[in-house]
Structures are given as C-alpha cells and as structure tokens.
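Per-entry structural report
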Amino acid sequence: MYEVQANASTLLMIGRREDNTSLLAVEPSAEAVLVNAVLEGDREQFARLYDLYARMVHGILLARVPRDEVDDLVQDIFLHALRKLHTLRNAAAFGSWIAMIARNRAMDFHRNSRPTMQLDGDAAEAGGPESNPTLAGQILDMIRGLPDAYRETLVLRLVEGMTGPEIAERTGLTPASVRVNLHRGMKLLRTKLGSKEGL
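Since the model is a prediction, treat every value here as computed from it, not as a measurement.

What about the pattern of salt bridges?
Charged atoms that come close allow side chains of opposite charge to pair. Per the counting criterion, the structure on display carries seven salt bridges. One salt bridge connects glutamate 166 with arginine 55, and the closest N-O pair in it is separated by 2.9 Å. Of this pair, glutamate 166 sits in helix H8 (residues 164-171) while arginine 55 sits in helix H2 (residues 44-62), and the two are 111 residues apart along the sequence. By relative accessible area, which is 22% here, glutamate 166 ends up partly exposed. In this structure, glutamate 152 and arginine 103 form a salt bridge, with 2.6 Å as the shortest nitrogen-oxygen distance. Within this pair, whereas glutamate 152 is found in helix H7 (residues 148-159), its partner arginine 103 is found in helix H4 (residues 94-112), the two being separated by 49 residues in sequence. On the basis of relative accessible area, arginine 103 is assigned to the partly exposed category, the value being 23%. Among the charged side chains, a network of salt bridges with common partners joins Arg64, Arg103 and Glu152.

What follows is the structure, encoded as structure tokens:
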C-alpha cells in the first residue's frame, strides 16, 4: 500500500509495510520541483528550467534547421512550453517533453518552409548564404547528413558541449543509448571526414 503526500514544493512517496514502517522515500527531481513551482505561479522558476534545457533545445534544432533560424525557434519553443506547461502529465519528464516539442517544431519548420532553389557546385562554392566555408560549418553539415539519433546526440556533445550523462538526463534517453549513438555517430562522422579528405 502506498501513501502519497504532496505540497507546493515536494512530492514524497513512501511505501508502507503492514507494520507501518517505511520502505522507500523518493525525493522529487529538481526539474519536477521547478515545474511544480511554475505551475503554482512562480514564473521566475521557469528561467531556471530555461537555463537547464536551453543548450539541449538549441542542439536539437541545430541538428535539424538552418543555423540562422535556431535562436528564434529556441525562444518560440520555450514560450510554447510555458503556455502549455499545465498539459505536462509528469513534472519529472520536462526534459523529454521539451525535446519532443523541439523535434516537432523542427519538422514544422521544414513543412512550412518555402521551396528553395538548389545551387550547383560552383555557385555554392562562390559563397551563397547557406554555404559553410569554415571547417566547423562543413562538419556540422556532415553531422546533419547522419541519421537523426546520431545527429542529435553528436550536436549536443560536440557543439553544445553536453556530457553523455547530461544528454541522457535532459533528453530522457538511457545512458546506454546515448553511448551507442555517440559511438556509432562518431564512427560515421570519421568515415565521412575521411572520404572528404580523399577527394
């Protein structure tokens, strides 16, 4: 039998044996405390959620949309999340929830984008607006060509500077999945870099 006690800042679940002694006490996650505080009217706590998750959202978008669109989309996503926070069923799942919003917003961006004209190789090398003459820009373009799972975790790791455990904690992926995605993604990226050097 479980007894649930909840107040403004804490949710504490205590398992009870028949003799009424406690088995387990579970403290709420930091994100759950922040989400509950925002839902109870403390909007300043949303700034702390932003600080915790902005790099992740930025990285998810950077893996999917043009760089010059990312900053505005990050702001839009957090405004949307603030307006829809009451729909979040599990306060401890804020990270995976906002990651899903970011991925959906990136898909919406591409669905709503106007068709663009493809430049031939010479015109792109001449420095069109989407060309990336720097090595970092070229590597980012290569990462964007990888499968979604690898692309996202590589951008979060290599561009946003998040550690594997941070990526797992923020996105809701398991640490093992993050390790596999990073390992396989790096292997594919090295292969792409090697083939580019051979040209």
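Here's the deal with the packing of aromatic side chains
By the definition in use, this model includes five aromatic pairs. Where phenylalanine 94 meets tryptophan 97, the ring centres are 5.8 Å apart and the plane angle is 50°; that geometry is what we call tilted. Highlighted residues: phenylalanine 94 and tryptophan 97, both in helix H4, separated by three residues, approximately one helical turn. Of the two residues examined, phenylalanine 94 and tryptophan 97, each falls in the buried class. Among the aromatic side chains, those forming a connected cluster through ring pairs are Phe46, Tyr50, Tyr53, Phe78, Phe94 and Trp97. Lying over the aromatic face of tyrosine 53, arginine 170 brings its terminal NZ or CZ to 5.2 Å of the ring centre.

Quick notes on a negative patch on the surface
Together, Asp68, Asp71, Asp72 and Asp76 give the surface a local cluster of negative charge. Secondary-structure assignment places aspartate 72 in helix H3 (residues 67-84). For aspartate 72, a relative accessible area of 51% puts it in the exposed group.

A short note on the nonpolar core
Within soluble globular proteins, side chains that are nonpolar generally end up buried alongside one another. In this structure, Leu49, Met56, Val57, Leu61, Phe78, Phe94 and Ile98 are the most contacted members of the largest nonpolar core, which totals 46 residues. Elements supplying a minimum of two residues to this core: helix H1 (30-39), H2, H3, H4, helix H6 (135-144), H7, H8 and helix H9 (175-197). The leading source of residues in this core is H2, at nine residues. Discounting residues that sit within four places of it in the chain, leucine 61 has contacts with Val70, Leu73, Val74, Ile77, Ala102 and Ala106.

Quick look at the side chain of glutamate 160
Summarising the element assignment, glutamate 160 is placed in the loop between H7 and H8. Summary of buried charges: glutamate 160 has no salt-bridge partner, and the nearest side chain of opposite charge, arginine 55, is 5.6 Å away. Beyond its immediate stretch of four places on either side in the chain, glutamate 160 contacts Arg55, His58, Gly59, Leu62 and Val155.

Criteria and thresholds
- The numbering scheme is per chain: residues are counted from 1 as the chain's sequence reads.
- For a predicted model such as this one, the threshold for reporting local features is a pLDDT of at least 70, and the threshold for listing and counting side-chain atom pairs is 80 or more; totals across whole chains, interfaces and linings nevertheless cover every residue.
- The side-chain numbers reported here are obtained from all heavy atoms of the structure, hydrogens and water having been left aside.
- Definition used for salt bridges: Asp or Glu carboxyl oxygen within 4 Å of a side-chain nitrogen of Lys or Arg.
- A run of DSSP states H or I qualifies as a helix once it reaches four residues; a run of E qualifies as a strand once it reaches two. Both are numbered from the N-terminal end.
- The rule is simple: take the accessible area with a 1.4 Å probe, protein chains only, and divide by the maximum for that residue type; under 20% is buried, over 50% is exposed, in between is partly exposed.
- Only Phe, Tyr and Trp rings are paired, with Trp represented by its six-membered ring, and only when their centres lie within 6.5 Å; those with planes under 30 degrees apart are stacked, over 60 edge-to-face, the remainder tilted.
- Whether a charge sits over a ring depends on NZ of Lys or CZ of Arg being within 6 Å of the ring centre and within 35 degrees of the ring normal.
- Residues enter patches when their relative accessible area tops 30% and they take part in no salt bridge; the joining distance is 9 Å for like charges and 5 Å for the nonpolar side chains Val, Leu, Ile, Met, Phe, Trp and Tyr.
- Reported accessibility uses the Shrake-Rupley method at a 1.4 Å probe radius. Residues are deemed covered only where the shown protein chains occlude them.
- When charges are counted, Lys and Arg contribute as positive and Asp and Glu as negative, whereas His and the chain ends are disregarded.
- Where a charge sits is defined by one atom per residue type, namely NZ (Lys), CZ (Arg), CG (Asp) or CD (Glu).
- Only buried residues count toward a nonpolar core, which is a set of Ala, Val, Leu, Ile, Met, Phe, Trp, Tyr and Cys residues joined through side-chain atoms within 4.5 Å.
- Working rule for contacts: check all heavy atoms of both residues, and any pair within 4.5 Å makes them a contact.

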